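# Observations on chain architecture
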Amino acid sequence: MPIDFDSTETPDLWPATLDPVPEKAPATILKEQASALARKTQWKLRGSVETAVGRHGFTHTFQIIVPALQDYTYDLFVVSHGLEFYPVKVADGGSTKELKTEAEFLDWLGGQFRSQQTLHVIGSLLRQVA
Amino acid sequence: MLTFLFWNLHGKPLVDLVADAVEEHDADIVILAEWGRDKYQFVDAMNRTGHPGFLPAPILAKNLFIAARFDPDFCMPRHDSSRFSIHSWNLPARQEITVVATHLPGKMYWSDNDQMLECTHLAKTIRHWEERAGHTRTIMIGDFNMNPFEPGMVGAIGLNATMARRVAERGHRTVQAERYPFFYNPMWNLFGDAAGDTCGTYYYDSPGHVSYFWNVFDQVLLRPELLPFFHPGHARVLTEIKQTKLIKGDGRPDETTGSDHLPLIARLSL
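The rules behind each value
- One numbering rule holds for all chains: residues counted from 1, following each sequence as written.
- The lettering of chains begins at A and the numbering of ligands begins at 1, in the order of writing.
- With pLDDT at 70 or above as the cut-off, local features in this predicted model cover only qualifying residues; side-chain atom pairs require 80 or more to be listed or tallied, and sums for whole chains, interfaces and linings still use all residues.
- Calculation of side-chain values draws on the structure's entire complement of heavy atoms; hydrogens and water are dropped beforehand.
- Definitions used throughout: a 1 Å grid over protein atoms alone; a cavity as a set of points that fits a 1.4 Å probe which cannot get out; a pocket as an open set with protein on both sides within 12 Å along at least five of seven lines; a lining residue as one with an atom within 4 Å of a point.
- Grid points are joined across faces, edges and corners, and a volume is the space filled by probe spheres set on the points.
- Starting at the N terminus, helices and strands are each numbered in turn, a helix being any DSSP run of H or I of at least four residues and a strand any DSSP run of E of at least two.
- Residue polarity follows a fixed list, in which Ala, Val, Leu, Ile, Met, Phe, Trp, Tyr, Cys and Pro are nonpolar, Asp, Glu, Lys and Arg are charged, and the others, Gly among them, are polar.
- Definition used for salt bridges: Asp or Glu carboxyl oxygen within 4 Å of a side-chain nitrogen of Lys or Arg.
- The cut-offs for exposure are 20% and 50% of the maximum accessible area for each residue type, with area from a 1.4 Å probe on protein chains only; residues under the lower value are buried, those over the upper are exposed, and the others partly exposed.
- A contact between two residues is defined here by any heavy atoms of the two lying within 4.5 Å.
- Buried area: the accessible area, evaluated with a 1.4 Å probe, that two parts lose upon being put together, summed over both parts.
- Any N or O atom pair separated by 3.5 Å or less is treated as a polar contact, with the protein-specific requirement of one donor-capable and one acceptor-capable atom, and with residues adjacent in sequence counted only for side-chain atom pairs.
- Only the contacting stretch of a helix is used when fitting its axis, a line to C-alpha atoms as for every element, and angles between N-to-C directions run 0 to 180 degrees.
- In these notes the angle categories are as follows: under 35 degrees is roughly parallel, over 145 is roughly antiparallel, 65 to 115 is roughly perpendicular, and the rest is oblique.
- Here a crossing is called left-handed whenever its near helix is offset anticlockwise from the far helix by less than a right angle, and right-handed whenever the offset is clockwise.

### So, the layout of surface pockets
Here the second largest pocket defines a volume of roughly 590 Å³. Taken together, 26 residues form the lining of the second largest pocket, with K39, A57, P58, I59 and L60 of chain B sitting closest to its centre. The biggest single contributor to the lining of the second largest pocket is helix α3 (residues 116–129) of chain A, with five residues. Of the residues assigned to the lining of the second largest pocket, the class counts are 18 nonpolar, four polar and four charged.

### With respect to the pattern of salt bridges
Residue and element names in this part refer to chain B. Scanning the model with the defined rule gives 15 salt bridges over all chains in all. Here K107 ties to E150 by a salt bridge, and the two come within 2.8 Å at their closest N and O atoms. Of this pair, K107 sits in the loop between β7 (97–103) and α3 (112–133) while E150 sits in the loop between β8 (138–143) and α4 (151–154), and the two are 43 residues apart along the sequence. Look at E150 and you get buried, because its relative accessible area is 9%.

### Structural notes on the interface of chain A and chain B
Of the residues lining the interface, 16 residues belong to chain A; the matching set on chain B comes to 15 residues. Each partner contributes to the roughly 1400 Å² buried at the junction of chain A and chain B, and carbon and sulfur atoms together form 52% of this total. On the surface where chain A and chain B come into contact, there are one salt bridge. Taking the shortest distance from any N to any O, the salt bridge between R132 of chain B and D71 of chain A comes out at 3.0 Å. If you look at where chain A meets chain B, you find eight residue pairs in polar contact (both at pLDDT 80 or more). If you list the elements that add at least two residues to the side of chain A that touches chain B, you get β3 (72–81) and α3 of chain A.

### Things to note about the environment of A57 of chain B
All names here are of chain B. Position of A57 among the secondary structure elements: in the loop between β3 (55–56) and β4 (64–68). Expressed as a C-alpha distance, the spacing of A57 and G258, which sit 201 residues apart in the sequence, is 24 Å. When sequence neighbours within four positions are dropped, the list of residues in contact with A57 reads I66, A67, C75 and W89.

### Structural notes on the packing of helix α1 (residues 15–25) of chain B against helix α2 (residues 39–47) of chain B
Residues and elements named next belong to chain B. Across the interface, α1 lies against α2 with an axial gap of 8 Å and an inter-helix angle of 45°. Overall, the two elements α1 and α2 adopt an arrangement that is oblique. Between α1 and α2 lies a crossing of right-handed hand. Where α1 approaches α2, its residues V15, D16, V18, A19 and V22 are matched on the opposing element by Q41, F42, A45 and M46. Tallied by class, residues from the contact of α1 with α2 come to seven nonpolar, one polar and one charged.

### Structural notes on empty space enclosed by the protein
All names here are of chain B. The tally for this structure, following the rule as stated, stands at one cavity of 30 Å³ or more. Computed from the structure, the largest cavity encloses a volume of approximately 30 Å³. Lining the largest cavity, in full, are A123, R127, A156, G158, L159, N160, P181 and R223. Its residues assigned to classes, the lining of the largest cavity shows four nonpolar, two polar and two charged.

### Observations concerning the side chain of S81 of chain B
With respect to the secondary-structure elements, S81 of chain B resides in the loop between β5 (75–80) and β6 (84–89). With relative accessibility at 0%, the residue S81 of chain B sits in the buried group. Here the side chain of S81 of chain B touches R83 of chain B through a polar contact of 2.9 Å, landing on its backbone nitrogen. Excluding its chain neighbours within four sequence positions, the residues that come into contact with S81 of chain B are D75 of chain A together with A61 and K62 of chain B.

### With respect to unusual backbone geometry
Here Y86 of chain A and P87 of chain A are connected by a cis peptide whose omega angle stands at 10°. For P87 of chain A, the position within the fold is in the loop between β3 and β4 (88–92). The residue D26 of chain B is not glycine, and still its phi comes out positive at about 55°. Along the chain, the position of D26 of chain B falls in the loop between α1 and β2 (29–33). Given the relative accessible area of 35%, D26 of chain B is considered partly exposed. Notably, E34 of chain B is not glycine yet its phi reads approximately 50°, a positive angle.

Put into structure tokens, the structure is as follows:
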């Protein structure tokens with residue numbers, strides 16, 4: 001359709017559809033896992049994702065909250081990424097590791113949730129509220 | 001009097017030396033970073049001194065060891081992470097205080113910007129828990145891996161820690177219409193060679209153009225509400241414990257007897 005330059009209103013120059021990228025946002029994945037933790041513990045523990053927006057992108061902190069302990073909070077891990085979802089940067093020992101795809105991120109995430117440290121924290125918190 | 005001992009042990013097996021420091025300075029709350037031993041070894045050693053009764057505090061911060069000479073039921077954990085622990089002590093006949101213990105990432109892996117942003121997050125988290133507690137009787141102690149003059153320490157949006165007690169007593173400062181509560185940082189008084197045998201708590205001779213040589217990475221910060229209970233001299237860097245010298249002849253930490261960091265004592269007359 002030709003642009004009508006006599007119109008006082010600027011024509012809509014955007015394409016007909018604006019689809020989100022097919023990948024799932026890391027924050028969405030983390031929020032789904034936060035909900036799964038609550039279901040799995042009968043809501044004794046609540047997962048939460050705190051997001052901060054900075055000059056270089058987004059930082060998400062995955063937290064475990066214990067409502068029965070006056071909302072005691074444990075920061076399990078922190079991930080960050082730029083405007084693009086991937087690579088996701090995660091702490092790996094003292095340095096930083098880059099996860100280039102959703103599959104790599106999911107694999108790392110599963111490892112975090114299954115780690116001895118995580119299971120120890122969750123076990124300790126569940127004992128507190130048993 | 002409530003006495004805090006903080007020490008980054010650099011992974012050294014300094015169990016007996018920590019216990020000696022506890023006894024010599026009558027410490028009530030002991031916070032260790034990079035302790036590198038089973039925590040019950042430390043607790044057992046502390047309880048062999050003339051000041052027994054130590055138990056680990058009920059916190060889950062994996063990079064910090066905290067023990068206190070109080071019933072753990074007096075301690076309410078608020079927020080733990082790999083870098084900090086926020087908890088409250090509600091001791092009999094005393095007002096509740098909030099303790100923030102920290103060991104922030106070092107400069108080997110984190111840029112100045114990373115450290116600044118971490119302090120912004122930490123400051124926001126502390127303010128959240130202060131609002132929940134309904135008071136600002138907060139003491140923060142640990143290895144910040146930053147000097148007192150760095151942006152993360154002094155920036156309003158960071159920890160907003162000033163060297164001047166009278167400035168801190170104003171309570172807060174406003175930047176771009178946002179109010180930020182002050183911390184008072186008494187560690188400025190311990191910078192330089194006028195303060196004693198050392199010029200800080202950690203020595204690093206950087207090969208680059210800029211080197212401070214001495215750093216005060218180990219610090220204690222106090223909110224103005226705690227200042228009536230804190231006096232000059234209540235924060236000290238230890239250079240010896242009983243008869244053991246922790247520094248060499250040139251004043252640098254002696255790693256053959258101690259750690260690469262010097263221990264810190266802070267007292268509140270609560």
